[in-house]
There are 6 protein chains.
Amino acid sequence: MKICVIAPVVLQGGPRASLQEFAPAAWPGSQVEVVSLDRGPVSIESEYEDALAAPDIVAKAKAAEVNGFDAVIIDCMLDPGLGAAREQVSIPVVGPAQASMHLAAMLGASFSVITVLQRLVPPLHERARRYGVLDKLASVRAIEIPVLDLEGNPRAAVEPLVEQAVLAVEHDGAHGIVFGCTGMAGLARAVGEGLCQRKYRVPVIDPGIAALKVAETLVSLRLAHSKLTFPTPASKTVVGYPSLG
Amino acid sequence: MKICVIAPVVLQGGPRASLQEFAPAAWPGSQVEVVSLDRGPVSIESEYEDALAAPDIVAKAKAAEVNGFDAVIIDCMLDPGLGAAREQVSIPVVGPAQASMHLAAMLGASFSVITVLQRLVPPLHERARRYGVLDKLASVRAIEIPVLDLEGNPRAAVEPLVEQAVLAVEHDGAHGIVFGCTGMAGLARAVGEGLCQRKYRVPVIDPGIAALKVAETLVSLRLAHSKLTFPTPASKTVVGYPSLG
Amino acid sequence: MKICVIAPVVLQGGPRASLQEFAPAAWPGSQVEVVSLDRGPVSIESEYEDALAAPDIVAKAKAAEVNGFDAVIIDCMLDPGLGAAREQVSIPVVGPAQASMHLAAMLGASFSVITVLQRLVPPLHERARRYGVLDKLASVRAIEIPVLDLEGNPRAAVEPLVEQAVLAVEHDGAHGIVFGCTGMAGLARAVGEGLCQRKYRVPVIDPGIAALKVAETLVSLRLAHSKLTFPTPASKTVVGYPSLG
Amino acid sequence: MKICVIAPVVLQGGPRASLQEFAPAAWPGSQVEVVSLDRGPVSIESEYEDALAAPDIVAKAKAAEVNGFDAVIIDCMLDPGLGAAREQVSIPVVGPAQASMHLAAMLGASFSVITVLQRLVPPLHERARRYGVLDKLASVRAIEIPVLDLEGNPRAAVEPLVEQAVLAVEHDGAHGIVFGCTGMAGLARAVGEGLCQRKYRVPVIDPGIAALKVAETLVSLRLAHSKLTFPTPASKTVVGYPSLG
Amino acid sequence: MKICVIAPVVLQGGPRASLQEFAPAAWPGSQVEVVSLDRGPVSIESEYEDALAAPDIVAKAKAAEVNGFDAVIIDCMLDPGLGAAREQVSIPVVGPAQASMHLAAMLGASFSVITVLQRLVPPLHERARRYGVLDKLASVRAIEIPVLDLEGNPRAAVEPLVEQAVLAVEHDGAHGIVFGCTGMAGLARAVGEGLCQRKYRVPVIDPGIAALKVAETLVSLRLAHSKLTFPTPASKTVVGYPSLG
Amino acid sequence: MKICVIAPVVLQGGPRASLQEFAPAAWPGSQVEVVSLDRGPVSIESEYEDALAAPDIVAKAKAAEVNGFDAVIIDCMLDPGLGAAREQVSIPVVGPAQASMHLAAMLGASFSVITVLQRLVPPLHERARRYGVLDKLASVRAIEIPVLDLEGNPRAAVEPLVEQAVLAVEHDGAHGIVFGCTGMAGLARAVGEGLCQRKYRVPVIDPGIAALKVAETLVSLRLAHSKLTFPTPASKTVVGYPSLG
């Protein structure tokens, strides 16, 4: 199967490392390709940037369907454009927040999300409410490292992530950890080990990879989102978005 | 005070009637101006069109703040761009869905939303969940008349609206009615009278006007949305949105 | 329009300052009159005093309707007699707790109520549950100053209010503040400034004034509470309440 | 033990049959006395009448405590004055709605309340929300017989009660039945048998008797309501209620 | 009436003290007998041990019904086998967790459960969710004394129970206390007094005795669990449980 | 990876077809083995049979871990023994109800479960509550075919499944369908096609296969259930379960 990962940002000065993260995690036979945006923000740390990313995410999802991809992943923890893209295509579109929060809800009584910046706490809290898992959310915490700094040196985030995860367990009652930014890809094992050293054996979920596995699952089960919830919009004039004409 | 109403669509072939609807409803001393979008859809009947409208809504809200407006209303029942615009400005930004659903929740044990098309049921249901009033929502119903048809001949919608409102009361347990499209502006009194003829004395809320009154209230009380929930985004490069550069 | 503010207490030794608070906040053309009770408590700080106030509140609301008022406000944060009065009249009856809590819910992800005495925490918590906004309530806190002391020297409450509001933000996750007593009228701006000095730009809501603006809004929109939720009682013998005979 | 049943109405033309209902249901050794009100309505079928009954209910509850009663029952399905009375006394005060709804919640996945008049549906729905059992409430239905008619000829209510109970089971998904008026006392067995004839073996709860048993249980366990939830009010001047001076 | 208390463990080295606890608490005329299991764990401190106890609990409940008992109590705070036993018999089967949590919900705005071991916190939290009272649960706390140690010297638990109960009140907002293990039987009064010394007059509920009183109440009201929620299973082959063949 | 599927019943007269269902759905490299129980019921259609199956499910899960399996699936829609087994092992244990309900919650606004017998409606409703997805559950419906009949001739269930699924969509507002019995394995495509013929493009989820894919996902992500939610029980004497001694 072919999975299209949309990195929902405009890349500046070289591609993001997304492909390296996703390819090894895919099942044998899954092909992963990464595309980024032509129009949008350079990183997403607000509802505002989520909104700027959404139109071109829909365009890229439509292109992926036309080009024979079997599923789409929107590689950002705010799940920008998820509903809009699902309306426009019939292949599964998967958001890391939705996939990882539901996975965490399956694995324990509660979970905390650890994200990059305090300013992302309200949007992530809102995603938990939107997806119906608010009563399992113990807290949202932040390590106060911006996304672009994180991508430059992800390893530097391990220690702050462990620190916040321990606080989530001890103060907030978390029984699991979900990373609150897909830029934290690849750090789940190290953070899980840090927690184990304090005797906390809890799942630590990397949301981008979780989204990949959910996408593969949906394709293999021939499932996709409901067209009663996400009906295809009528064809109408659109001004200012040539790719969505 | 000066209120900016953003008609979140690109107008084709003449302005929408918005000004005529809002001006008479404003308090003496309130000035209402209507702007529409340069980039976006021609009508909003999906999450997809909501997403296409959002970026220019933010641009128009920022311009309104710069130009001395005291508050902004986004004149569409999906509240497109509400969170994103609130992050970018400090003056109140009001959405008709949020304003009218909370007003309805104050006035009775439950309410139904009557919208234009069946396809809008899931997004409106989702707005009720987002705003925390889902347990007061009796149902969302549709009259199956598209927005643009409705705007051409709003009076034709009265009878179908009364019919659906009666079903909402009798079958779904609604104790109040909220219009599910701001294109239904001006029809609340007629629909209320239709319900009264069946002995149902329930509030019928026109969401656009409700948003205007909430905006005036917020300005007069010197209130605005919380900057802890909607923090101002850091200034960053944006590609493809010159008005938001 | 004419708004009747019911100060739901028996005044002893001079009128409450209510009129001075409400009149300047009213829209031009709104006339505000204040009445107090002939039968009831001298202040309301319990469900017990709420119950003692309710019968005469209903009598005063009925009198207001007969006398041509367009709306009624019950000037107490427990909203005493709100449902009972709504049953007996058709003009809007607005409670400060309901109006301010829904307004706060529109403006941010969460809010705290700061009231006078710890003993009012359970009744205010119960009001949040009754109105369906419990999941937005971060906490209820108290400054431990009784209502009658507060009314004698409201300015003295500013510092304790700021202190509790800061604790609400920092410890309880509040994104907005609602005063938990209408005796705190006039202090919202000072408390808001105190919060701003700590960099917290959050709405601070004065519930009595919020109720006034909601009442004006309802009158201007020709809306009132649902008669399906609040049906008019049958006429029956009543013993011991001559004003309700 | 001595239990005081407050019939929260002013009796006209002879005592209600309450004592005959309660005495046989009491444990050996329990003594039941019934008092009615000096001030209040003649029956309670609205929030308005609930409010008129509450002050004298508190007075009677205080008198009961002074006179050595071990517990108080407020014999009306709206639980009028429950919180206010609990604040003023330390002996248990039990409301039929609260007692019977929690009992029903223990016995099955859901329950419906069958009351006298349609107009009582919203207040009873509100009680379920207040007590935290709303998600177990399948529906509230009415037989459209006023309380005073019911008390004149309770047997006539059996058939309509069975009819509504069957509709509750078949249409609303009820797995249990709670009577929505204490005037239905004594009919539970007949209604239960009516349901059994249709093969529905579900609990049918008589709320007044349920309240009695909960009161006896609390006394025997030396339990009462929490004084953190229902703190004793400060002693203050009260105008117009000599019995509460 | 005859009540069968199932001590859901295999006793080793002498009977549990259950009978001494229950007999004095029963109404005159109630006869209490205690049975223990032939197959199962020696104590229940996990979902695993709950599962091992359940089959023989059902067998003992069936035997109790055959032998003319009027009700069954499962004397463990996890309510093991409650649903399964209710399916197999028509006499009331009562679980201490369900009975005590609903009783606590009647008596105050919130309650905490104080149990033996931290490892029981998730199962008890889950019971609160299962019974629909999660929003009244302030916290679950543990004294870190295993059940079998507790039964050897229950008095030693009073001080730790008071300590945790005070923390529950002061830190978690509890307005009532429910013991989280039926091995704490007999300690409610001492713990309540310890709380009173700190000025906290809150109910302290002994769940086993609460279950007894609920069982007696159900028998006296001729009530039992709903057979729509707990339908009798079809008769089928069972392998390996001779007592249930 | 090696996945152990526990068919949680005692097989009589030949193995269930489980292996044929699971093997083709597994990723290349996944090995699936099926074990059944030595002690338990012959089919599970009640909480009672769920309880009888649980002890040997735990024994089989422990054996699977010892024998080097990477994950365990409990092949029954009631998820019998899920929590108990998770306490005893560290490898992931997956239940079809939990896996499929969360998957359905990701794919649309609501879903219905279609099961074999009406008597399974309450337990399945309870599972939705337990897993926190109750507010997404539109309904539970039954085709009234017992499990063992279903397994004899699964194709005969397609038409009744389509019929109930259409009712779920049209009457209950379902936007997705989850099979309520793992004996319906292999029918999802046919039922989905039946719905498509009525223009309903909604996901139809086969819970056993969904559980397999979730198990594979967890293994590949090195994730398992939280040991804070499911702590390993202390080693204690057990009577009557030699396989768990």
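So, how was this worked out
Residues numbered from 1 in each chain as written. Chains lettered and ligands numbered in written order. Predicted model: local features only at pLDDT ≥ 70, side-chain atom pairs only at ≥ 80, totals over all residues. Heavy atoms only, no water. Helix = DSSP H or I, 4+ residues; strand = E, 2+ residues; numbered from the N terminus. Expected span 1.5 Å × (residues − 1). Bend = angle between axes of the 7 residues up to and from the residue. Buried < 20%, exposed > 50% of the residue type's maximum accessible area, 1.4 Å probe, protein only. Pairing = 2+ DSSP bridges. Contact = heavy atoms within 4.5 Å. Axes fitted to C-alpha atoms, helices over the stretch in contact; angles between N-to-C directions. Polar contact = N/O pair within 3.5 Å; in protein donor to acceptor, adjacent residues only side chain to side chain. Buried area = accessible area lost by both parts, 1.4 Å probe. Salt bridge = Lys/Arg side-chain N within 4 Å of Asp/Glu carboxyl O. Nonpolar A, V, L, I, M, F, W, Y, C, P; charged D, E, K, R; others polar. Least-squares fit on C-alpha atoms with pLDDT ≥ 70 in both.

1. Observations regarding helix H2 (residues 47-66) of chain D
All names here are of chain D. The first and last C-alpha atoms of H2 sit 29 Å apart over 20 residues, in line with the 28 Å expected at 1.5 Å per residue. Ala54 marks the point of greatest bend in H2, at about 35°, and the proline Pro55 comes within the next four residues. In terms of burial, H2 is largely enclosed, as 16 of its 20 residues are buried. Just past H2, the residue Gly68 takes up positive phi, approximately 90°.

2. Focus: the sheet that holds strand E2 (residues 31-36) of chain D
All names here are of chain D. Strand order in the open sheet made by the 4 strands is E2-E1-E4-E5, with parallel pairing throughout. Of all strands in the sheet, those with a lone pairing partner are E2 and strand E5 (93-94), marking the two edges. Examined bridge by bridge, strand E4 (residues 71-74) and E5 share 2 bridges and lie parallel to one another. Paired with Ile73 across the strands is Val94, a residue of E5. Strands in contact with helix H9 (residues 207-220) are strand E1 (2-7), E2, E4 and E5; relative to E4, the strand with the most contacts, it is inclined by about 160°.

3. Focus on the side chain of Thr115 of chain B
Residues and elements named next belong to chain B. Looking at where Thr115 falls in the secondary structure, it is placed in strand E6 (residues 111-115). Among the residues examined, Thr115 registers a relative accessible area of 0% and is labelled buried. Here the side chain of Thr115 touches Gly180 through a polar contact of 2.8 Å, landing on its backbone oxygen. The residues contacting Thr115, other than those within four sequence positions of it, are Leu120, Leu124, Val140, Arg141, Ala142, Ile143, Gly180, Cys181 and Met184.

4. Quick notes on the interface of chain A and chain B
One frequent convention defines the size of an interface as the accessible area lost when the parts assemble. In this assembly, 42 residues from chain A lie in contact with 41 residues from chain B. Both sides of the chain A and chain B interface together cover about 3400 Å² of buried area, and 57% of this is carbon and sulfur. Interface area lost by chain A to chain B is led by Tyr48, Arg119 and Lys236 of chain A, which between them contribute 20%. For the pair chain A and chain B, the interface holds 6 salt bridges. Of the charged contacts, one joins Glu49 of chain A and Lys236 of chain B as a salt bridge, the two residues approaching to 3.1 Å between their closest N and O atoms. Inspection of the region where chain A meets chain B yields 20 residue pairs in polar contact (both at pLDDT 80 or more). Listing elements by their share of the side of chain A that touches chain B, those giving two or more residues are strand E3 (40-41), helix H2 (47-66), helix H3 (82-88), helix H5 (121-130) and strand E10 (238-239) of chain A. Among the elements that line the side of chain A that touches chain B, the one with the most residues is H2 of chain A, at 8 residues. Here the residues of the side of chain A that touches chain B are counted per class, giving 20 nonpolar, 11 polar and 11 charged.

5. Focus on the arrangement of the chains
There is a clear gap between chain A and chain D: no contact, and 15 Å between their nearest C-alpha atoms. Without any contact between them, chain C and chain F keep their closest C-alpha atoms 15 Å apart.

6. Describing the relation of the copies chain A and chain B
Between chain A and chain B, the superposition needs a rotation of 180° and an axial shift of 0.0 Å, giving an RMSD of 0.0 Å. Here the symmetry operator amounts to a two-fold rotation axis. Of the interface residues in chain A, 98% have counterparts in chain B that sit at the interface too, so the contact is made through matching surfaces.

7. Side note on the environment of Ala138 of chain B
Residue and element names in this part refer to chain B. By the element assignment, Ala138 lies in strand E7 (residues 137-142). On the basis of relative accessible area, Ala138 is assigned to the partly exposed category, the value being 26%. The sequence separation of Ala138 and Gly176 amounts to 38 residues, and the corresponding C-alpha distance is 9.1 Å. Apart from the residues within four sequence positions on either side, Ala138 is in contact with Ser110, Phe111, Ser112, Asp172, Gly173 and Ala174.

8. Some words on the relation of the copies chain F and chain A
For these two chains of identical sequence, chain F goes onto chain A by a turn of 180° and a shift of 0.0 Å along the axis, with RMSD 0.0 Å. Same-surface contact between copies: 100% of interface residues of chain F are shared with the interface of chain A.

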